[in-house]
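One-letter residues, chain by chain:
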Amino acid sequence: MSKLRLFAAAGLALALSAGAALAQGTLRIGMTASDIPLTTGQPDQGGEGQRFTGYTMYDALINWDLSSADKPSGLVPGLATSWAVDAQDRTKWTFQLRRDVKFHDGAIFDANAVGWNLDKLLNQQAPQFDPRQSAQGRTRIPAVTSYRAVDANTVEIVTRTPDATLPYQLAWIFYSSPAQFERVGRSWENFARQPSGTGPWRLANFVPRERAEMVPFPDYWDKARVPKLERLVLIPLPEASARTAALRSGQVDWIEAPSPDAIPSLRQAGMQIVTNAYPHNWTWHLSRVEGSPWNDIRVRQAANLAIDREGMRELLSGLAIPAQGFFPPGHQWFGEPKFKLRRDVAEARRLMTAAGFSATNPMRTKILISPSGSGQMQPLPMNEFVQQNLAEVWIRVDFEVVDWNTMINIWRAGARHESARGATGMNYTYFIQDPFTGFIRHLQSNLAPPAGTNWGFYADPEMDKLFDEIRNTFDPAAQTAVLRRVHEKYVDEALFLMVTHDVNPRAMNARVRGFVQAQNWFQDFSPVFMAPR
């Protein structure tokens with residue numbers, strides 16, 4: 001038995017040993033993460049962290065609407081009831097805060113709490129500054145340069161330049177209780193065990209790497225989102241087979257990302273399989289540093305022409321949407337790229353020959369991959385499939401396998417950092433729901449690490465000009481036209497290896513009711529309940 005399997009089995013046994021009989025209203029979820037995401041306010045573990053310890057225990061000034069399965073999620077008021085940009089100075093934004101919001105410890109949320117929380121991410125001199133949370137949150141809000149409380153219920157935020165994407169950026173930032181931080185001795189380590197946010201769930205029990213238990217917060221400000229469950233239990237199970245076994249045996253009620261080959265038998269066993277489109281892509285992010293083989297557009301296009309995307313879909317038992325671009329086909333920002341993603345080995349070899357490669361002189365590259373992780377789907381068999389496809393066009397791939405949280409840290413450090421281990425690409429899945437997370441953060445030249453997450457150090461003045469145009473275009477229709485031009489450039493220049501889009505499968509037992517799978521990386525667990533046995 002592998003060390004990973006032993007670890008998963010041991011973790012599951014420890015997580016469930018307390019339990020003789022869990023309460024009837026308890027939902028137990030097997031996550032793909034190998035540890036409980038940070039509980040202090042800015043979760044780690046990527047989108048899965050935001051899903052399970054972000055939007056459960058905390059709120060943003062502006063939240064995602066997670067109430068519908070039938071349409072893409074949009075932004076809705078959260079801790080701010082309204083926001084507006086100054087018509088005379090488009091770097092100044094005013095946010096009106098929701099009144100009578102309480103933290104889990106009973107303290108009142110106000111404008112001072114907003115500034116205090118932004119300081120914990122951005123102000124290294126503040127006593128509450130937390131390097132771990134800053135690592136998660138700072139790159140999410142690169143536009144923010146200053147902020148102040150105008151009065152108890154009004155906040156002003158100033159951006160470096162006009163930036164129409166600020167509301168999307170702020171949807172990533174959550175708010176912890178300053179009073180609770182003082183109460184636990186100004187220690188984020190202590191706060192992690194006794195966190196206090198404003199969200200619909202509060203933490204009741206926490207054992208790192210084993211389990212986290214949440215219970216409803218009855219004083220939550222949005223009464224429609226006060227949870228129906230008695231308890232929500234999170235259990236890290238990074239190996240797909242361990243998650244499936246736990247669901248079959250009744251040790252958990254719900255698993256994230258079931259293995260595609262297990263889905264038919266899970267259905268036969270009476271399990272529910274829930275899927276939906278969501279803003280996701282499965283890519284290789286390519287290094288553009290000096291000496292990278294991916295600096296040649298012919299190589300990038302050849303690699304994209306080598307991929308058998310329909311074959312990948314079959315590998316995943318149909319649970320994927322073959323990529324036609326960086327964004328899914330039919331998206332309003334797709335535009336009309338001239339370079340068509342398709343399987344064309346002959347054309348790929350012609351391009352590789354023109355670039356100076358051949359069967360006897362193949363291109364060689366090292367790619368960072370993870371064995372699991374938020375949105376990574378089934379990364380080991382998928383990457384092996386891609387590796388075989390690329391070998392047909394004289395691209396020889398070696399893999400360096402790292403765990404998901406390590407991968408995130410390498411992504412933040414950048415392709416030039418020693419932690420990248422000489423790799424010229426990484427398999428990284430992306431949340432692509434808004435202009436900033438979908439486009440700007442990946443390729444804007446001044447967002448290369450440590451300033452942002454342009455991991456490959458891509459730099460193109462033409463792309464930077466398009467990004468500036470997005471930020472300065474506040475009219476939605478006009479902004480959409482610019483976004484289409486950006487996507488066309490992404491595809492025509494094959495800036496990523498674009499493979500597939502996930503449909504976000506989950507498996508759960510028949511007792512789980514009330515779940516609405518939003519077209520989003522994040523989900524709302526408040527409507528969920530367990531039917532009686």
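The rules behind each value
Residues numbered from 1 in each chain as written. Predicted model: local features only at pLDDT ≥ 70, side-chain atom pairs only at ≥ 80, totals over all residues. Heavy atoms only, no water. Helix = DSSP H or I, 4+ residues; strand = E, 2+ residues; numbered from the N terminus. Rg over C-alpha atoms; globule rule 2.2 N^0.38 Å. Buried < 20%, exposed > 50% of the residue type's maximum accessible area, 1.4 Å probe, protein only. Contact = heavy atoms within 4.5 Å. Areas by Shrake-Rupley, 256 points an atom, 1.4 Å probe, with all protein chains shown as cover. 1 Å grid on protein atoms, 1.4 Å probe; cavity = no way out; pocket = protein on both sides within 12 Å on 5 of 7 lines; lining within 4 Å. Points joined across faces, edges and corners; volume = space filled by probe spheres on them. Polar contact = N/O pair within 3.5 Å; in protein donor to acceptor, adjacent residues only side chain to side chain. Axes fitted to C-alpha atoms, helices over the stretch in contact; angles between N-to-C directions. Parallel < 35°, antiparallel > 145°, perpendicular 65-115°, else oblique. Left-handed = near helix turned anticlockwise from the far one by under 90°. Salt bridge = Lys/Arg side-chain N within 4 Å of Asp/Glu carboxyl O.

(A) Structural view of the overall build of the chain. What the chain contains, in helices and strands, is 17 helices and 21 strands. Taken against the 2.2 N^0.38 rule, which gives 24 Å for 533 residues, the C-alpha radius of gyration of the chain at 23 Å falls within 12% of a compact globule. Burial analysis of the chain (533 residues in total) assigns 61% to the buried set. Intrachain contacts of the chain at a sequence separation of at least 6 include 70% that bridge at least 24 residues. Approximately 20100 Å² of the chain is accessible, and the part contributed by carbon and sulfur atoms is 49%.

(B) Focus on the layout of surface pockets. Its volume calculated, the largest pocket comes out at about 730 Å³. Tyr168, His331, Gln332, Trp333 and Gln433 are, among the 33 residues lining the largest pocket, the residues nearest its centre. Going through the elements one at a time, helix H5 (166-170), helix H17 (476-492) and strand E18 (496-502) are the ones with two or more residues in the lining of the largest pocket. Ranked by the residues each element gives to the lining of the largest pocket, the list is headed by H17, at four residues.

(C) Spotlight on unusual backbone geometry. The step from Pro449 to Pro450 runs through a cis peptide bond, and the omega angle for that step is 5°. Topologically, Pro450 is positioned in the loop between helix H15 (435-443) and helix H16 (461-471). Positive phi outside glycine occurs at Ser317, with the angle close to 55°. Mapped onto the elements of the fold, Ser317 is located in the loop between helix H11 (309-315) and strand E14 (320-322). Phi at Arg421 takes a positive value of approximately 60°, unusual for a residue other than glycine. Relative to the elements of secondary structure, Arg421 occurs in the loop between helix H14 (404-413) and strand E17 (425-431).

(D) Quick peek at the environment of Gly425. Inspection of the secondary structure assignment puts Gly425 in strand E17. Along the chain, Gly425 and Gln45 lie 380 residues apart, while their C-alpha atoms are 20 Å from each other. Non-local contacts of Gly425, meaning those with residues more than four positions away in its chain, are made with His285, Leu286, Ser287, Lys366, Ile367, Leu368 and Trp455.

(E) Representation of the side chain of Arg506. Among the structural elements, Arg506 can be located in strand E19 (residues 506-508). Among the polar contacts made by the side chain of Arg506, one reaches the side chain of Glu256 at a distance of 2.6 Å.

(F) View of the packing of helix H10 (residues 297-306) against helix H12 (residues 345-354). As a packed pair, H10 and H12 sit with axes 8 Å apart at the nearest point and diverge in direction by 160°. Relative to H12, the element H10 is oriented roughly antiparallel. Classified by chirality, the crossing of H12 by H10 is left-handed. Contacts between H10 and H12 pair Arg298, Val299, Gln301, Ala302, Leu305 and Ala306 from the former with Val345, Glu347, Ala348, Leu351, Met352 and Ala354 from the latter.

(G) Up close: the pattern of salt bridges. All told, the structure shown has 23 salt bridges when counted by the stated rule. A salt bridge links Glu156 to Arg148, with the nearest nitrogen and oxygen atoms 3.1 Å apart. On the basis of relative accessible area, Arg148 is assigned to the partly exposed category, the value being 46%. With a closest N to O distance of 2.6 Å, Glu213 and Arg231 form a salt bridge. You can see Glu213 sitting in strand E9 (residues 211-216) and its partner Arg231 sitting in strand E10 (residues 231-236), a full 18 residues away along the chain. Through salt bridges with shared partners, one network takes in Asp460, Glu462, Lys489 and Glu493.

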